[in-house]
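# Reading the structure
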Amino acid sequence: MIPGARLIILGRQGAGKGTQCVRLSRHFVVPHISTGDMLRAAVREGTSLGKAAKAVIDAGRLVGDDIMVGVVQERLDRADARTRGYILDGFPRTVGQAQSLDDITGERPIDAVIDLDVPRDLVVQRLSARRVCRDCGTNYVAKGAERQPWICEVCGGDIQHRADDTPDAINTRLDLYEEQTSPLIEYYGETGRLTVVDGVATPDQVFARLTAAVEASRRS
Ligand code: AP5
Ligand code: MG
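The structure reproduced in this document is the subject of the present report. A quick note: this is a predicted structure, and the numbers were derived from the prediction, not measured.

### A look at the overall build of the chain
- From N to C terminus, the chain includes 10 helices and 8 strands.
- In summary, the chain has a C-alpha radius of gyration of 17 Å against a globular reference of 17 Å for 220 residues, a match within 12%.
- Taken over the C-alpha atoms alone, the chain extends approximately 50 × 40 × 35 Å along its principal axes.
- Classification of the 220 residues of the chain by burial places 43% in the buried group.
- A separation threshold of at least 6 residues defines the contact pool for the chain, and within that pool the share at least 24 residues apart is 72%.
- Measuring between centres, the 29 positive side-chain charges of the chain sit 5 Å from its 31 negative side-chain charges.

Shown next, in the form of structure tokens:
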């Protein structure tokens, strides 16, 4: 049987968390829990969470810790996550969220926390070119010569520019990462739970590095 996993993938916006978590989720056969994807789904569906979060997300700011902890706790309580594990993408992103997650996962602690490291100037380039399927979330890179309307080859949905991938919102998000999320490197590092993986390589090469890092932290 393929062993499950309980993983946290940290990294700057545009580091490739979503790209790699889709692959890791298939590899370890565990759900990919992306708080960003959950919030965007709530916005599309017009739920009360979506209505409250839309302006915050579009401006590149962070949704409140209490709301996010509640959303994640509910998701981790579902049968698939309880039995096989999960890959968390985009959560935690403040020290407060990490402390709450430690409480939530007390009996079943995380196997590995990985920081997918890509420098700021490179993530700005990646985010500026990113386009995303509105329906299934598959990523594409815009080269400027795409036929319009641009249709997703996975599900047939519309490929769009994410509302928070504008220059202003990208800068706000990256500044918030330095202020609020980068302290997590120290938070997990000082308890020996962190592995840094270089995210500057092709997606296949980064994936091989990530699976090797997970196996190494399981052995240690
Ligand atoms: P979220 O959806 O999590 O966005 P993010 O953190 O800004 O991260 P991204 O999705 O932009 O980056 P990624 O690392 O997934 O990169 P990707 O794989 O797409 O959150 C959105 C918003 O929701 C937040 O701003 C906040 O408002 C709210 N939110 C979510 N969670 C929250 C929380 N916990 N607390 C509070 N608020 C929260 O890759 C980027 C591009 O690079 C793609 O085009 C891809 O094709 C390309 N690429 C990927 N890998 C490579 C590679 N190896 N080489 C070249 N190109 C690559
Ligand atoms: Mg993402």
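Moving on from the coordinates now.
### What about the sheet that holds strand β4 (residues 112–117)?
- Strands sit in the order β2-β3-β1-β4-β8 across an open sheet of 5 strands; the sheet is parallel. Across the chains shown, the open sheet's two edge strands, defined by having one partner strand only, are β2 (32–34) and β8 (194–198). Recorded for the sheet is a direction-independent mean angle of 25° between the axes of neighbouring strands.
- Of the pairings in the sheet, the one linking strand β1 (residues 5–11) to β4 comprises 5 bridges and is parallel in character. For I9, the partnering residue across the bridge sits in β4 and is I114.

### Things to note about the pairing of strand β3 (residues 85–89)
- The element β3 is extensively covered by neighbouring structure, given that 5 of its 5 residues are classed as buried.
- Residue alternation in β3 divides its side chains into two sets, G85, I87 and D89 and Y86 and L88, and both sets are buried.
- By the bridge criterion, 5 bridges tie β1 to β3 in an arrangement that is parallel. Looking at the pairing, L7 lines up with I87 of β3.
- Bridge count for β2 against β3 is 3 bridges, and the pairing is parallel. When the bridges of β3 are listed, H32 appears paired with I87.

### Points about the packing of aromatic side chains
- Inspection of the entire model under this criterion finds 2 aromatic pairs.
- Seen from their ring centres, Y187 and Y188 are 5.1 Å apart, and the 85° between their planes marks the pair as edge-to-face. Across the pair, Y188 and Y187 agree in class, each one buried.

### Observations concerning the sheet that holds strand β7 (residues 159–160)
- Pairing within the open sheet is antiparallel, and its 3 strands lie in the order β6-β5-β7. Only two strands of the sheet have a single neighbouring strand rather than two, namely β6 (139–141) and β7.

### A look at the side chain of R12
- In this structure, R12 sits in the loop between β1 and α1 (17–28).
- With relative accessibility at 16%, the residue R12 sits in the buried group.
- Setting aside chain neighbours within four positions, we find R12 in contact with K17, L116, D117, V118, P119, R120, V123, L174, Y177 and E178.

Parameters at a glance
Here the residue index of a chain counts from 1 through its sequence in written order. Both sets of labels track the order of writing: A upward for chains, 1 upward for ligands. Side-chain atom pairs in this predicted model are given and counted only at pLDDT of 80 or more, local residue features only at pLDDT of at least 70, and totals for whole chains, interfaces and linings cover all residues. Based on all heavy atoms of the structure, the side-chain values leave hydrogens and waters out of the count. Numbered from the N terminus, helices here are DSSP runs of H or I no shorter than four residues, and strands are runs of E no shorter than two. Throughout, the radius of gyration refers to the C-alpha atoms, and the reference size of a globule is 2.2 Å times the residue count to the power 0.38. Each residue is assigned to one of three classes by its accessible area relative to the maximum for its type, calculated with a 1.4 Å probe on protein chains only: buried under 20%, partly exposed between the two thresholds, exposed over 50%. Residue contacts follow a heavy-atom distance rule, with two residues in contact if any of their heavy atoms lie within 4.5 Å. For this count, His and the chain ends are skipped, Lys and Arg are scored as positive, and Asp and Glu as negative. Just so you know, the charge point we use is NZ for Lys, CZ for Arg, CG for Asp and CD for Glu. Pairing between strands requires that DSSP locate at least two bridges from one strand to the other. Note on geometry: axes are lines fitted to C-alpha atoms, helical ones only across the stretch in contact, with angles between N-to-C directions running from 0 to 180 degrees. A pair of aromatic rings is counted whenever rings of Phe, Tyr or Trp (Trp by its six-membered ring) have centres within 6.5 Å, and the orientation is called stacked for planes under 30 degrees apart, edge-to-face for over 60 and tilted otherwise.

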